[in-house]
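Secondary and tertiary structure notes
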2 protein chains.
Amino acid sequence: MLALMQDWPLVCHKIIDHAARQHPGREVVSRSVDGPVVRATYAQIRQAALQVAQTLQREGFAAGDRIATLAWNTGRHLEAWYGINGMGGVYHTLNPRLFPDQIAWIMNHAEDKALFVDLTFVPIVEKVAPQLPALRRIVVMTDDAHMPETGLANAVSWESWLAGADGDFAWVDIGEKDASGMCYTSGTTGDPKGVVYSHRSNVLHAMVSAMPDVMGIGARDVVMPVVPMFHANAWGLAQSAPMVGAKMVMPGGKMDGASIWELLDSEMVNVTAAVPTVWLMLLQHLEETGSALPHLQKVIIGGAACPRAMTEKFENDYDVEVIHAWGMTEMNPLGSLCTIKPEYAAADGAELLDVKQKQGHAPFGVEMKIVDDEENEMPWDGKTFGRLKVRGLAVASAYYGGAGAEQFDDDGWFDTGDVAHIDPHGYMQITDRSKDVIKSGGEWISSIDLENLAVGHPDVAEAAVIGLPHPKWDERPLLVVVPREGRSPSADDIIAFMDGKIAKWWMPDAIAFVDEIPHTATGKIQKTALRAQFADYKLST
Amino acid sequence: MLALMQDWPLVCHKIIDHAARQHPGREVVSRSVDGPVVRATYAQIRQAALQVAQTLQREGFAAGDRIATLAWNTGRHLEAWYGINGMGGVYHTLNPRLFPDQIAWIMNHAEDKALFVDLTFVPIVEKVAPQLPALRRIVVMTDDAHMPETGLANAVSWESWLAGADGDFAWVDIGEKDASGMCYTSGTTGDPKGVVYSHRSNVLHAMVSAMPDVMGIGARDVVMPVVPMFHANAWGLAQSAPMVGAKMVMPGGKMDGASIWELLDSEMVNVTAAVPTVWLMLLQHLEETGSALPHLQKVIIGGAACPRAMTEKFENDYDVEVIHAWGMTEMNPLGSLCTIKPEYAAADGAELLDVKQKQGHAPFGVEMKIVDDEENEMPWDGKTFGRLKVRGLAVASAYYGGAGAEQFDDDGWFDTGDVAHIDPHGYMQITDRSKDVIKSGGEWISSIDLENLAVGHPDVAEAAVIGLPHPKWDERPLLVVVPREGRSPSADDIIAFMDGKIAKWWMPDAIAFVDEIPHTATGKIQKTALRAQFADYKLST
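First things first, this report covers the structure right here in the doc. Note that the structure is a prediction, hence the values are computed from the model and not measured.

Section: the sheet that holds strand 5 (residues 114-117) of chain A
All names here are of chain A. The seven strands are arranged 7-6-5-3-4-8-9 in an open sheet whose pairing can be described as mixed. Each end of this open sheet is capped by a strand with a single partner; those strands are strand 7 (155-157) and strand 9 (193-198). On average, each strand axis in the sheet is inclined to that of its neighbour by 25°, with strand direction left out of account. Contacts from helix 3 (residues 75-86) reach strand 3 (66-70), strand 4 (90-93), strand 5 and strand 8 (179-185) within the one sheet, and its direction differs from that of strand 4 by about 140°. Sitting on the sheet, helix 4 (residues 100-110) touches strand 3, strand 4, strand 5 and strand 8, and the angle it makes with strand 8 is about 145°.

Next comes the structure, spelled out in structure tokens:
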């Protein structure tokens, strides 16, 4: 029996329509790439988005076309997204931190037909443009005065490109399961894989993420997404903030501690979100200048595990609540947030910090399970770990073009590639990447746990753990260490330091000292390269 | 271009699955109809729902079947809902306050095949059962010990009905646009009209209603829906509370001030919701006993306009935030809530009370407009009023069987039958029912505003305003007054009292004194009867 309810598709333009109708005067404040801090309201953002949509359509772009953006978080980037979506197009965010050849590969794979680019990144585009035959329009997101001289064909400034459009445009009618956005994951191996978001997944994800135990944002919040829009949808904030009418503060290209603090302070930001690296820079700035964070209430930290000392500093020294989070590009991206359920409401001090080391619990719409190599579900006891699989209202069902099909099983579960345990209250903690976990005698050893422990030694600058083949145990851990400058710890020193802090059988079989550990373009340890480097290393048996 | 995201239908059983997985130990505390306060967890509620679904299926009920409930808010009622939905059935809530003949009419119209009924209402069922040939199972929601002697065929106690089921059952696979629930509106004229909710509308409505500027509930809240599940879905709380893992407190059949206060206090409820009548009883109880509300933080008041004095008392005397709300059975039911946007953040005292007299703003997923008789949109200036039309993710597209088709227009807007104005910040205030508004010389006069003003006169017990035909102005207002016992105000008294508080041309042309004003079964003024009563009344010109 069918219900008798209206057909009201969950499409992205309804978000900006709602913001402009219910919160017309709410500001989006941006540190522009040109220089000054600029202000627009949601009513103005919508108007500009209409102009973007109108101009795209006039130039012959149509529903389903992929339109790339290579840009910082600014009001203009928002206008571009809503404009692209509003004419039925698919915004495709490019990560400027990738190598130019990767960017070209991704743009060709997605068949991008146009590109919105910030001034900062014009040199990248000049480098890759010859490899992009399908790209027929480049809009440099600046005014005429700042438009650089460039040999790029089809390049035009944002200002003059929009000048002819009055915004008298009706959003294109599209379905909620149509593509709204694309983002490629940059794995450590193989070609990047494209995730294709739907309008529905973006809208549902925004609804979930605004809820009190998730990001918990409303019209009276001032939200600064430092996490870039090109980094997994700015964790949904580009959609959830307008949906609830929150004021937005967009940091543009300046992520240094002083610039971030300036905006937090002058715009009275009370909620912000980014990866740990950004917060390291901010905390260092605060210490150097003796500044405080009087307005900030909540910082959402994800993208990489949040160090315990960082949580401690924010909460104890600056009275800012840390919400540890985990997600993936394939999850739109939120998977879990470490907000506090009643079961942990009484925790404080070290116990609370223990809880906050976990990546948190799944909100409604995210299903999780942990499994062993035979796909048996593991118990939620906070100890047993397994491969983390997810299913939900905003989880990818495939990669663009069919890559990585082995990560999607027949029951609709996506294999995250992470290894985790989950406690009885539903709090998940990532313990490793599944390709990095060390399988010793049928049991798993977390490389990340060992690395985190080893870097606690005062003479260790960086540490990486890989599994090496072992005749009896299948694999055993090798700890690779970069000593701090001027220090030369011995293997015995480090083993003595680790002893008693882990199970005996987790102790690395050997320690190798190196000058440098290889990293990917996005700063992750490149364990494949490390494994190649130590391919001939023999563990003593 | 289709997106590549998982197909994860928005169906109600996913709510209870999530609650049981992520909040297994969270309690649902009920004042049982049998007597004592009883406790169940979400894990137990889900288990019982599985048993309900299993037993329904074993008895031959199938997806799409309407299963009625005539019951108070209790954990068992929740189990019935999730069980009915989990086997693909449609819960159909019956309002016990209707006349038995209306109940029988509604049950036959919906073709209810089974009924869950509380002890309290068995006598009603005994009365109407002979008129219900399709009804083939009656489950009395009690244990064997309390099972009454009854001549009802097919009646069985909840306890023995479920005894044979172990709950080893897989939720039936249904689509998100399939019917999940039914509720009939009881208008003042004509037959009741059936609204058919979808799984999707229930889930989306719950997501929206949990958001911070709507009801704003999370896992650490203790929520008591006093508003009945048979009154427009308990305003979504039966779905939103489990979705976010909030503890629920269910008041059963006792709505008197002492019983409500007892649960608020002993269970440390911090969020509650009901119609003004309930709160009048509570406030009276508080005054009589000198009790306080130390735990309660937020009370959501809707179903009828919240009197200003009530808001004032809750906020000033008891430090409880009042959230005025408006909705309709046809809207699943939330339409607007008067939470505070930044534009009103500085308001306090009388100014804040003025804001809180408004029914509030529409959350994401509810579109509103006000129109005149020619369907022209009226401005959002906080003064101009028009017929309120809505559209959205949880708004009815039709009534069951096609009744009331004139309320749905071709562009998908539903005519609420209310007249309202909306201010520049999006705050809507109901000023009248469109059939009651008085159309004088092309302008509209709000009958409700006049009534509210007239009852402010110390000698007036109740007041009703209707429009009477007028040769020059089309219609002019007649004020019908029931004097307070022992008082006999004159028409001049009342007109003098009203003078200066309304526009001159709003002043009623005449005042009629009566002993009684006719009411509907649900306590609303029956203006149709009043108009019939005064059909021959002649206004002097």
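There is more to say after this.
Section: the pattern of salt bridges
Residue and element names in this part refer to chain A. Scanning all chains against the criterion turns up 66 salt bridges over all chains. Residues Lys313 and Glu287 are paired through a salt bridge, measuring 2.9 Å at the closest nitrogen-oxygen approach. Of this pair, Lys313 sits in helix 11 (residues 308-318) while Glu287 sits in helix 10 (residues 276-289), placing them 26 residues apart in sequence. We classify Lys313 as partly exposed; its relative accessible area is 28%. In the salt-bridge network here, residues are joined through shared partners; they are Asp373, Glu375, Arg387, Lys389, Asp409, Asp415 and Lys439.

Points about the interface of chain B and chain A
Between chain B and chain A, the contact holds 79 residues from the first and 79 residues from the second. With both sides pooled, the region where chain B packs onto chain A buries about 6,100 Å², and carbon together with sulfur makes up 59% of that total. Where chain B packs against chain A, one counts 10 salt bridges. For the pair chain B and chain A, the interface holds 34 residue pairs in polar contact (both at pLDDT 80 or more). Secondary-structure elements contributing two or more residues to the side of chain B that touches chain A are helix 1 (13-22), strand 8 (179-185), strand 9 (193-198), helix 7 (199-210), helix 8 (237-244), strand 16 (366-371) and strand 17 (386-392) of chain B. The residue makeup of the side of chain B that touches chain A, split by class, is 45 nonpolar, 17 polar and 17 charged.

Quick notes on the relation of the copies chain B and chain A
The two copies are related by a screw motion: chain B maps onto chain A through a turn of 180° and a shift of 0.0 Å along the axis, at an RMSD of 0.1 Å. The symmetry that links the two subunits is that of a two-fold axis. Looking at the rotation axis and the C-alpha trace of chain B, the residue lying nearest is B:Met211, at 2.3 Å. Taken together, the interface assignments show that 100% of the residues at the interface of chain B recur at the interface of chain A, consistent with an identical surface on both copies.

Brief notes about the nonpolar core
Judged by nonpolar contacts, the single largest core of 297 residues is most densely connected at A:Trp279, A:Phe314, B:Trp279 and B:Phe314. With sequence-adjacent residues up to four places away left out, B:Phe314 is seen in contact with B:Trp279, B:Leu282, B:Leu283, B:Leu293, B:Val299, B:Ile301, B:Asp319, B:Val320 and B:Val322.

A few points about helix 4 (residues 100-110) of chain B
All names here are of chain B. Within helix 4, burial applies to Ile103, Ala104, Ile106, Met107 and Ala110. All buried residues of helix 4 lie within an arc of 165° about the axis, which places them on one face of the element. On its buried face, helix 4 is in contact with strand 3 (66-70), strand 4 (90-93), strand 5 (114-117), helix 5 (122-128) and strand 8. Looking one or two residues past helix 4, Glu111 carries a phi angle of roughly 60°, positive in sign.

Thoughts on unusual backbone geometry
In the segment running from A:Asn332 into A:Pro333, the intervening peptide bond is cis, with an omega of 10°. Tracing the backbone through its elements, the reader meets A:Pro333 in the loop between strand 14 (321-327) and strand 15 (334-337). The backbone of B:Met268 sits at a positive phi, close to 55°, despite the residue not being glycine. The residue B:Met268 is located in the loop between helix 9 (257-266) and strand 12 (271-274) in this model. Its identity as a non-glycine residue notwithstanding, B:Asn332 has a phi of 80°, on the positive side. Counting through the fold element by element, B:Asn332 comes out in the loop between strand 14 (321-327) and strand 15 (334-337).

Analysis parameters
- Residues numbered from 1 in each chain as written.
- Chains lettered and ligands numbered in written order.
- Predicted model: local features only at pLDDT ≥ 70, side-chain atom pairs only at ≥ 80, totals over all residues.
- Heavy atoms only, no water.
- Pairing = 2+ DSSP bridges.
- Helix = DSSP H or I, 4+ residues; strand = E, 2+ residues; numbered from the N terminus.
- Axes fitted to C-alpha atoms, helices over the stretch in contact; angles between N-to-C directions.
- Contact = heavy atoms within 4.5 Å.
- Salt bridge = Lys/Arg side-chain N within 4 Å of Asp/Glu carboxyl O.
- Buried < 20%, exposed > 50% of the residue type's maximum accessible area, 1.4 Å probe, protein only.
- Buried area = accessible area lost by both parts, 1.4 Å probe.
- Polar contact = N/O pair within 3.5 Å; in protein donor to acceptor, adjacent residues only side chain to side chain.
- Nonpolar A, V, L, I, M, F, W, Y, C, P; charged D, E, K, R; others polar.
- Least-squares fit on C-alpha atoms with pLDDT ≥ 70 in both.
- Core = buried A, V, L, I, M, F, W, Y, C linked by side-chain atoms within 4.5 Å.
- Arc of directions from axis to C-beta.

So far we have only geometry, and geometry alone does not tell us how the molecule works.
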